[in-house]
Structures are given as C-alpha cells and as structure tokens.
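Structural description and commentary
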Amino acid sequence: MMYEDMKVKVEHVIDKDEVTDEYITDHQQRQAFNKWTKSFARMDHPTVIQIILDKSHDKDISGRLMPNLIYVSRGKSKTSPHHFKAGALNLSVSAVMTNAPIILTQDCDMYSNDPQTPLRMLCYLSDPALKSSLAFIQFPQRFHGVNKDDIYDTEYKLPFQINPMGLDGLKGPSYVGSGCFFRRRALFGDPSTPVAPEIPELSPEHVVNKPIRSQETLSLAHHVASCNYENETKWGSKTGFRYGSLVEDFCTSYRLHCEGWKSLFCNLERSAFLGNVPITLFDGVNQCKRWCIGLFEVAFSKYSPITFGSQYMGLLMSLGYSHYAFCSFWCIPVTFYSFLPQLTLLNQVSIFPKISEPWFFLYVFLFLGSYGQNFLDIILVGGTVRRWWNAQRMWMIRGLTSTLFASIEYLLRSLGISTYDFCLTSKVVDDEQSKRYGQGIFEFGVPSPLFVPLTVAAIINFFSFLSGLTGFFSGNNMEGLGLQMILTGSIVLNYLPVYGAIALRNDAGKMPTQIIIISTFVSVALYYASSLCLWSNNDSSKH
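Along each chain, residues carry numbers from 1 onward, in the same order as the chain's sequence is written. Totals for whole chains, interfaces and linings use every residue, but because this is a predicted model, local features are given only for residues with pLDDT of at least 70 and side-chain atom pairs only at 80 or more, for both listing and counting. Side-chain numbers come from the whole structure's heavy atoms, not from hydrogens or water.

1. Comments concerning the overall build of the protein
- Helix and strand definitions here come from DSSP, where helices need a minimum of 4 consecutive H or I residues and strands a minimum of 2 consecutive E residues; each element is numbered from the N-terminal end. Secondary structure summary: the protein contains 21 helices and eight strands in total.
- Its C-alpha atoms put the protein at 90 × 55 × 45 Å along the principal axes.
- With a 1.4 Å probe rolled over the protein chains alone, any residue whose accessible area is under 20% of its type maximum counts as buried; one over 50% counts as exposed, and the rest are partly exposed. Each of the 543 residues in the protein was classed as buried or not, and the buried ones make up 47%.
- When contacts within the protein are restricted to residue pairs at least 6 apart in sequence, long-range pairs at least 24 apart make up 77% of them.
- Roughly 28100 Å² of accessible area belongs to the protein as shown, and the carbon and sulfur atoms make up 62% of that amount.
- Charge counting treats Lys and Arg as positive and Asp and Glu as negative, with His and both chain ends excluded. For charged residues, the charge sits on one atom: NZ in Lys, CZ in Arg, CG in Asp, CD in Glu. Computing the positive centroid from 46 side-chain charges and the negative centroid from 46, the protein places the two 3 Å apart. In what follows, residue pairs with any heavy atoms lying within 4.5 Å of each other are defined as contacts. Values of accessible area rely on a 1.4 Å probe in the Shrake-Rupley scheme; residue burial ignores everything except the protein chains shown.

Structure (structure tokens):
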C-alpha cells in the first residue's frame, strides 16, 4: 500500500514538476521537499535524507515494530566527483544513524529469494575460526526471467558461479557488486591494524546511543553525505569501498584481499537473491564494455594485480585477479581470427597447416580442448548444450564489441583524447522487446557503432565461406585451406542471428540500415586492401 501510494505521488509530481502541499503530510517531509527548488538537478543538488520508518515506534498491521527505512540522496556538485556507485555505497550515513556491524549490498533490481539467507550468513560470520579475517560472504548472482536458452549469456556462469568456486579454495571470491554481506570492520584497514576515520562516530566500534530522528544525528548525517565531506579524507583510498574504477566491487575486494582479508562463496541450491537481466544485445554488450573499462583502470593502476597483487596476495590469487583485470585483451585474438583467415581465404592464400601436416592436429587439439573444458564447466553447474553454445557465441560477439571498444576507449582516454560517461544498464522492459527475447530472437535495433565490427565480420565471413565452398566444388586444391574453412564455417554458424537481423527481419529489433550500409563499405574496403597487400607481397617474392 505504501509503495502504490508513493508511485501515484511520484507520477503526479513528475507531471506537475512540483511537490504540492496535498502530498506533504508532516514537518520532516516539508523540510525534505523544500530542498527541491528550481535549481535542483540530478547532478547538482543538496543532501536529502528522509526517515521513512523508525524502528522505535513504526509498527506493521500486526503491531510488530518495523525496521528502520531511510532514504538517502547524497549531495552532488559539478565541481566534486561523487564516484558513482562506490560513493553511494560508502557507509558514513549508516554509521552515524545505526552503525550495524554487518552490511548487505544489493543492486536496485535484485530482491531476496530466501528468508533464511541472513541465518546462513551468520553461521560464517559468527564462526570463531573465521571471525578475525573474514571480510565478506558473496552469494552467486542469479536472475529470473532469463530466456530458456540464455541467448545473451547474461547469467555469466563462469565469473559468477564457476570461477568463484575455485577462488574459494584460496583467499576467496571477488565481490561482484550485489548479494554480498560485509563485515563493517573489514572496510577500515587490515585485520590487525584498523584505520581510524576522521570523525569518531564513523568508527566501526562506535555505539549509536542517540535516536535517528534527533537533530544531532540528522545534522551529522547530512554533513557526511555532502558532496565535499570526503575531500582530503581516507574514504575510497584506505577506508570504505575503493574509488578509482568503474568496477568498485572488483577494486574493493581486490584491495581487501591484498590487506589480508578473506572471503567466502556461499553457493546454495536455492538462490539467495534474484534480479533482472538486459533483454537487448545493445544493453548487454554496453554493460560489459563499462565493466571492461573499469577492469582496465585497475589493471594499469599502481595497484596492478601483476605487480602489487603478487606481493600481497601470492601468485595464485594475483593470477586470478589478473585474469579478470586483463580479460579485455581477448579482443586482439578474436579480431585477428575473425578477419585475417577469412580475407586470405577470399584470396586463396593458406596461412594454417595443411590437413596432412602434424601441426594441423595441434590446432584441432587446442580447439577441442578449450571448447571441451568450457562445455564441461557449463554442464556441471546446471547448464544445457544450447546455453553453452550461446555462451560461446556471446564470447565471440563481446570480443568484437564490448572488449574491443573498451580497449580503444581506455587507450584514447589514457592519451587525453577521449573521456567516457557512466551509463547505467537499462532494465526497462518494452513489451515487443520482451516478446522477442522470450522467443530467443536477438534484439539489435539501436544504430550503435558497437555493431559495426560485428556486422563487418559477419559479412566477410559469409562471403569468405561461400568463396571456399565454390572453390571446393569446382575441384580446386583446398587442402591448405581446410582450417580456414572450418574456422570460417564455425563463425558463420555462430552469426546466424546477425544474418537474420541483416536480411530476414522487418521488426524493430533488426539491424539498423545505416549500420548495414557502413559495414558493407568497410567490408569492401577491407577486401580490396587485403587483396592489394597480398598481391604486392606475391609480386615482391617473385622478383
């Protein structure tokens, strides 16, 4: 009832662009809404703190006291960085008002699916053998409403379920941004040497003995939530969630492990938490691009897992974090293998061993070994053959979209040429998009540059495979081109949704016409450039 009432009020306020007196029921609400002036903007506004429920007197319909529920909107200013999600997570307001020893961090679209989860968490945090060094307990990220074959690989079984089980045998899994219980003390220095905050009331040992509605408590809460409070403090560097990266979860857990803390992975049959997933390809790859840029920020910082991490965590943990931090470099081999063998196949030039040569079997072994291991991993955590296939397809697609553009964007920004904007992943559900997603149809629709390399690769691979088939049926000697034909054919098979979006669909989710035109011109240019280059090399070798 409270939610529905709030929804009506919010919609009315948005329509009117003002908060009228009929919706202000008490003095505290008036104080909060008085801050909403004409100059109030999303990125420039004062602190807003509103106590919605107070556990000292607010009760439910059965007469039981309700828990505290407090709305906090940090003060923001165009002149002071607010550090995105990491800044919102930092715990100064909660320390002043309650200072609870355990903190659950949760994405806005996630919800609890098991009421026993806090009890399971307390079993670990109350264990005397673990208590002194356990920083957080990470539950796997799982989602509802996922297409039955998970066409966009949005469950990310490798980073969210498989890899954490391996890291659990070392210092523990990394924090993945949601579904994680933290010990507050872990965010204030290493296990043996706590870091004292600038204000004593923010210390994890401080006991709050004042009501949350008291003027003193509210004044201090507004102060620590202001946009200028953290300047010249240890927040984000030595205390709290760590700044300096768009992936504050990865960065924070990495630094905590370096400081000597451990973590645990609690993977139960019943999902502790469930959330939403992107239902369009653009939202999925754009989300991944943001993660990749953040991972680069950690990889090339002074806290790089290769240098800093190996000193403080040991070789195996540093390799585990390095695997994530440098994962965007997979765009290099994916790009080469998506274009070079195909362009040489179009020109009937062999670059791989012949089927009759021993090196051919090494390629086959590596290919089958890599895919076979990944297939086994996916099946053992409850996946299906179709989901495994879609995971492989998305691995290739991300290599030409998310990781490629993240690498370019990070490089340009490092050179001072370009900057990025933080964009949230859209979870707004469009009925037609939702219908196509449920049917397993890829959703393009957005004329984004992200889709240009993907479409170019699809076009070149298609014509390269046709050229190879033509040569084979014409009786040409194709022995030296066998591996190139196999590679090209597998990519064509993976790109079937792209071909459908280019030529066979008329709905709003098809590939935009401007992307098709641009990609066609780029494909033709690449073909002629490769032909000219190969012709020049052949001519030079003859002379």
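2. Side note on the state of the cysteines
- Cysteine sulfur pairs qualify as disulfides if the two atoms are within 2.5 Å. The full count for this structure, using the stated rule, is zero disulfides.
- The structure places no disulfide on Cys180, whose sulfur is separated from the nearest cysteine sulfur, that of Cys266, by 11 Å.

3. Some thoughts on the domain arrangement of the protein
- Note that the domain bounds reflect an automated or database-derived domain assignment. The domain boundaries assigned to the protein delineate domain 1 (84-277) and domain 2 (329-541).
- Each of domain 1 and domain 2 was reduced to a C-alpha centroid, and the two centroids are 38 Å apart.
- Facing the 22 residues of domain 1 at the interface are 21 residues of domain 2.
- Taking both partners together, domain 1 and domain 2 bury about 2000 Å²; carbon and sulfur atoms supply 58% of that area.
- Salt bridge criterion: a side-chain nitrogen from Lys or Arg within 4 Å of a carboxyl oxygen from Asp or Glu. Taken together, the links from domain 1 to domain 2 amount to three salt bridges. A 1.4 Å probe defines the accessible area here, and the buried area is the portion of it lost by two parts on being joined, summed over both.

4. Points about the UniProt feature "transmembrane region" (unreviewed entry) in the protein
- Taking the UniProt record as the reference, the feature "transmembrane region" (unreviewed entry) is found at residues 321-340, 360-383, 395-412, 450-473, 485-503 and 515-535.
- End C-alpha atoms of residues 395-412 are separated by 24 Å, and the span's content is 94% helix alongside 0% strand. UniProt positions are given in the numbering used here, feature names are shortened, and annotations may be inferred rather than shown by experiment.

5. What to know about helix H13 (residues 331-346)
- Taking 1.5 Å of rise per residue, the 16 residues of H13 would be expected to cover 22 Å, and the 23 Å separating its terminal C-alpha atoms lies within 8% of that figure.
- Taken together, the buried positions of H13 are occupied by Cys331, Val334, Ser338, Phe339, Pro341, Gln342, Leu343, Thr344, Leu345 and Leu346.
- One or two positions beyond H13, positive phi appears at Gln348, with a value near 55°. Given a helix with a known number of residues, its expected span is that number minus one, times 1.5 Å.

6. Let's talk about the packing of aromatic side chains
- The criterion for an aromatic pair is that two Phe, Tyr or Trp rings (for Trp, the six-membered ring) have centres within 6.5 Å, with stacked assigned to planes under 30 degrees apart, edge-to-face to planes over 60 apart and tilted to the rest. Applying the stated criterion across every chain yields a total of 38 aromatic pairs.
- Judged by centre distance (6.0 Å) and plane angle (85°), the ring pair of Phe139 and Phe273 falls under edge-to-face. In this pair, Phe139 sits in the loop between strand E5 (134-138) and helix H7 (157-167) while Phe273 sits in strand E8 (residues 273-274), placing the two residues 134 residues apart along the sequence.
- Judged by its relative accessible area of 1%, Phe139 is buried.
- One aromatic cluster is present, formed by Tyr152, Tyr437, Phe442, Phe444 and Phe451 through successive ring pairs.
- Throughout this description, the term charge over a ring refers to an Arg CZ or Lys NZ atom that lies within 6 Å of the ring centre and within 35 degrees of the ring normal. Sitting over the face of the ring of Tyr303, Arg255 holds its NZ or CZ atom 3.9 Å from the ring centroid.

7. As for empty space enclosed by the protein
- A cavity here means a set of 1 Å grid points, computed over protein atoms only, where a 1.4 Å probe fits but cannot escape. A pocket is an open set with protein on both sides within 12 Å along at least 5 of 7 lines, and lining residues have an atom within 4 Å of a point. Grid points are joined across faces, edges and corners, and a volume is the space filled by probe spheres set on the points. Per the counting criterion, the structure on display carries two cavities of 30 Å³ or more.
- As a volume, the largest cavity reaches approximately 50 Å³.
- What lines the largest cavity is simply Asp150, Asp153, Glu155, Lys157, Ile378, Arg387 and Ala391.
- Taken domain by domain, the lining of the largest cavity gets at least three of its residues from each of domain 1 (84-277) and domain 2 (329-541).
- If you add up the space inside the second largest cavity, you get close to 30 Å³.

8. Quick look at the side chain of Ser253
- The residue Ser253 is located in helix H9 (residues 248-258) in this model.
- We classify Ser253 as buried; its relative accessible area is 0%.
- Ignoring any residue separated from it by four or fewer positions in sequence, one finds Ser253 in contact with Phe136, Ser174, Tyr175 and Tyr321.

9. Considering the packing of helix H18 (residues 451-473) against helix H20 (residues 496-504)
- For the pair H18 and H20, the least separation of the axes is 10 Å and the interaxial angle reads 95°. It follows from the interaxial angle that H18 and H20 lie roughly perpendicular. Seen from H18, the contacting residues are Leu454, Thr455, Ala458, Ile459, Asn461 and Phe462; seen from H20, they are Val498, Tyr499 and Ile502.
- Here the contact of H18 with H20 is composed, by residue class, of seven nonpolar, two polar and no charged. To define axes, lines are fitted to C-alpha atoms, for helices over the stretch in contact only, and angles between the resulting N-to-C directions are given on a 0 to 180 degree scale. These descriptions rest on fixed angle ranges, namely under 35 degrees for roughly parallel, over 145 for roughly antiparallel, 65 to 115 for roughly perpendicular, and the rest for oblique. Three residue categories are used. Nonpolar comprises Ala, Val, Leu, Ile, Met, Phe, Trp, Tyr, Cys and Pro, charged comprises Asp, Glu, Lys and Arg, and polar comprises the others, including Gly.

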